[in-house]
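Below are the chains, spelled out letter by letter.
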Amino acid sequence: MTTWRPRFWLKSKLVALALLGLGAAGSQVASGCRPASPPLTEFAPRSRRAELPLIAVVAPEAQPVVPLVATLRSELAADFDVQVIAVSRETTTRELGVALATQQPKAVVLVDNSAVQLYAPLAHESAQPLPSVIVMSSFVEHLQQSVPNSLAIAFETPAVTTLSDVRSILARPISRAGVVYREGFEAFVERERALLLREKIELVALPVPAEPNVATLGRVLRRMEREHVDAMWLSNDNVLLSKKLLSNTWVPFAKKTSLPIVVGVPALVQGSVPFGTYAAVPDTVGLGVQTADLIYALEKAGWRAQGPGVQPPVAVKTYLNVALARALGAPPENEKRVDVLLTGAP
């Protein structure tokens, strides 16, 4: 059994801000499957309702996860008991396997890339892997394929949706959009490119190394300047959006080009950050409802994953930096199409 330790996506402060809108990053997690510090409300131990079948939620103990778990418990309360297995950087696949063997759930909800990476080896080693639902994870199309008998909900709003929204809000043409991606994510970019063609938007995609630095990203962004794109689209890649790369490459690029920049992180659309113009983020309460629906669908199908492996999120919250949008010529009356208007520092 592997003891490889996963990379935590929800532990990125930037991603935590994305999920909370304007909140703080998630709390730290103690070692093992059971945190030693006082747990968040939804992570606190609960008595097992033995008369009901069990759904196990495997997740890092982070504040952004709380609304998802609370909603999932509420939606499933009449038919299932929901228990949480908290994981951390120190949790191993073996420890998770022991926890699941003890709980004997009917299905597993995997929250964050880390939970998926810990659970995937267990699923592959089992002749009858538990059905699972993957949520709140980046690049979920790739992750879902790594876990047999799984379904997933995408955590990134498709570029075709956000760029079409921005084109409408700004009332300006967008026929060429730029994106920078890390090597290894070509399939993800190609899926977005195909969708954008339906809206007659060409995607100019430029790669950087898997571990980019200020110099390599800076060179690619200078090349992007010569591509004459009408907007930039950024995926939720916390490696590309590290604090160092943001301050030394992305923000200077945004100031120099004055392009509309579409992000998946509301923190970057705040008035105090002169960077993102527009963001669209799945609503965590809506994700809880959607996850519950998939649990019922799995039960009806005899606990076998059927249908599309990855579903789009059904509830999305949108954010607009009003000052940047108006500087780009957005008519003020179009602002009513956005859920949250950000006009100043948080």
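S.K.: Honestly, the sheet that holds strand β4 (residues 132–135) in this entry has me stumped. Any pointers?
M.R.: Taken in spatial order, the six strands make up an open sheet running β2-β1-β3-β4-β5-β11, and their pairing is parallel. Looking at the sheet topology across the chains shown, the edges are occupied by β2 (81–87) and β11 (310–311). Strand direction decides the pairing type here: strand β1 (residues 54–60) and β2, joined by seven bridges, are parallel. Its bridge partner being in β2, Ala56 is matched across the sheet by Gln83. The strands that helix α2 (residues 66–76) touches are β1, β2, β3 (107–111) and β4; relative to β2, the one it contacts most, it runs at about 160°. Docked against the sheet, helix α10 (residues 284–300) engages β1, β3, β4, β5 (150–153) and β11, running at close to 160° with respect to β5.

S.K.: Before we go on, may I ask you to explain the packing of α2 against α10 in this structure?
M.R.: Packed helices, taken two at a time, are described by the angle their axes make and the gap between the axes. Contact geometry for α2 and α10: axes closest at 8 Å, N-to-C directions at 40°. The angle between α2 and α10 falls in the class oblique. For the pair α2 and α10, the crossing hand works out as right-handed. Only Thr284, Val285, Leu287, Gly288, Val289, Thr291, Ala292, Ile295 and Tyr296 of α10 make contact with α2, whose side of the interface consists of Pro67, Leu68, Thr71, Leu72, Glu75 and Leu76.

S.K.: Would you mind going over the packing of helix α3 (residues 93–103) against helix α4 (residues 112–125) with me for this structure?
M.R.: The interhelical angle for the contact between α3 and α4, taken along N-to-C directions, is 70°, at an axis separation of 9 Å. Viewed along their axes, α3 and α4 adopt a mutual orientation that is roughly perpendicular. In this structure, the crossing between α3 and α4 has a hand that is right-handed. Residue-level contacts link Thr93, Leu96, Gly97 and Leu100 of α3 to Leu118, Tyr119, Pro121 and Leu122 of α4. Residue composition of the contact of α3 with α4, grouped by class: six nonpolar, two polar and no charged.

S.K.: Looking at this structure, how should I read a positive patch on the surface?
M.R.: Judged by side-chain charge, Arg219, Arg222, Arg223 and Arg226 come together as a positively charged surface patch. Among the secondary structure elements, Arg223 is positioned in helix α8 (residues 214–225). Residue Arg223 is classed as partly exposed on the basis of its relative accessible area of 42%.

S.K.: Is there a simple way to explain the sheet that holds strand β12 (residues 316–321) in this structure?
M.R.: Picture the strands of a sheet paired through backbone hydrogen bonds; they go either parallel or antiparallel. Read from one edge of the open sheet, seven strands run β7-β6-β8-β9-β10-β12-β13, paired in mixed fashion. Every interior strand has two partners, whereas the edge strands, β7 (202–208) and β13 (340–342), have only one. The average angle at which neighbouring strand axes cross in this sheet is 20°, direction not considered. Pairing analysis gives two bridges linking strand β6 (residues 176–182) to strand β8 (residues 231–233), with the strands arranged parallel. Each bridged residue has a counterpart across the sheet, and for Ala177 the counterpart in β8 is Ala231. Along the sheet, helix α6 (residues 159–170) contacts β6, β8, β9 (261–263), β10 (278–282) and β12; its crossing angle with β10, the most-contacted strand, is approximately 140°.

S.K.: Help me out: how do you make sense of α4 in this one?
M.R.: Because the α-helix completes a turn every 3.6 residues, residues three or four places apart line up on one side. Residue Tyr119 marks the point of greatest curvature in α4, where the axis turns by about 30°; the proline Pro121 follows within four residues. Summarising burial for α4: ten of the 14 residues are buried, a large majority. Within α4 the residues assigned to the buried category are Asp112, Asn113, Ser114, Ala115, Val116, Leu118, Tyr119, Ala120, Leu122 and Ala123. Tucked inside the fold, the buried residues of α4 contact β1, β2, α3, β3, β4 and α5 (140–145).

S.K.: Just to check I follow, could you spell out the side chain of Asp81 for this structure?
M.R.: Within the secondary structure, Asp81 sits in strand β2. Residue classification places Asp81 among the buried residues on the basis of a relative accessible area of 5%.

S.K.: In this structure, what is going on with the pattern of salt bridges? I would like to understand it.
M.R.: Close approach of charged atoms allows side chains with opposite charge to pair. Scanning all chains against the criterion turns up twelve salt bridges. Salt-bridge contacts for Asp81 lead to Arg48; the nearest nitrogen and oxygen are separated by 3.2 Å. Here Asp81 is found in strand β2, whereas its partner Arg48 is found in the loop between α1 (13–20) and β1, with 33 residues between them in sequence. By relative accessible area, Arg48 is classed as partly exposed at 38%.

S.K.: Looking at this structure, how should I read the packing of aromatic side chains?
M.R.: The description of an aromatic ring pair rests on the distance of the ring centres and on the angle between the ring planes. Enumeration according to the criterion identifies seven aromatic pairs in this entry. With a centroid separation of 5.0 Å and an interplanar angle of 85°, the aromatic rings of Phe139 and Phe188 are classed as edge-to-face. Of this pair, Phe139 sits in the loop between β4 and α5 while Phe188 sits in helix α7 (residues 186–197), and the two are 49 residues apart along the sequence. In this structure Phe139 comes out as buried when scored by relative accessible area, which is 10%. Aromatic ring contacts, followed pair by pair, group Phe139, Phe185, Phe188 and Trp233 into a single cluster.

What counts, and where the lines are drawn
- Residues numbered from 1 in each chain as written.
- Predicted model: local features only at pLDDT ≥ 70, side-chain atom pairs only at ≥ 80, totals over all residues.
- Heavy atoms only, no water.
- Pairing = 2+ DSSP bridges.
- Helix = DSSP H or I, 4+ residues; strand = E, 2+ residues; numbered from the N terminus.
- Contact = heavy atoms within 4.5 Å.
- Axes fitted to C-alpha atoms, helices over the stretch in contact; angles between N-to-C directions.
- Parallel < 35°, antiparallel > 145°, perpendicular 65-115°, else oblique.
- Left-handed = near helix turned anticlockwise from the far one by under 90°.
- Nonpolar A, V, L, I, M, F, W, Y, C, P; charged D, E, K, R; others polar.
- Patch = residues over 30% accessible without salt bridge, like charges linked within 9 Å, V, L, I, M, F, W, Y side chains within 5 Å.
- Areas by Shrake-Rupley, 256 points an atom, 1.4 Å probe, with all protein chains shown as cover.
- Salt bridge = Lys/Arg side-chain N within 4 Å of Asp/Glu carboxyl O.
- Lys, Arg positive; Asp, Glu negative; His and termini not counted.
- Charge placed at Lys NZ, Arg CZ, Asp CG, Glu CD.
- Buried < 20%, exposed > 50% of the residue type's maximum accessible area, 1.4 Å probe, protein only.
- Bend = angle between axes of the 7 residues up to and from the residue.
- Phe/Tyr/Trp six-rings, centres within 6.5 Å; stacked < 30°, edge-to-face > 60°.

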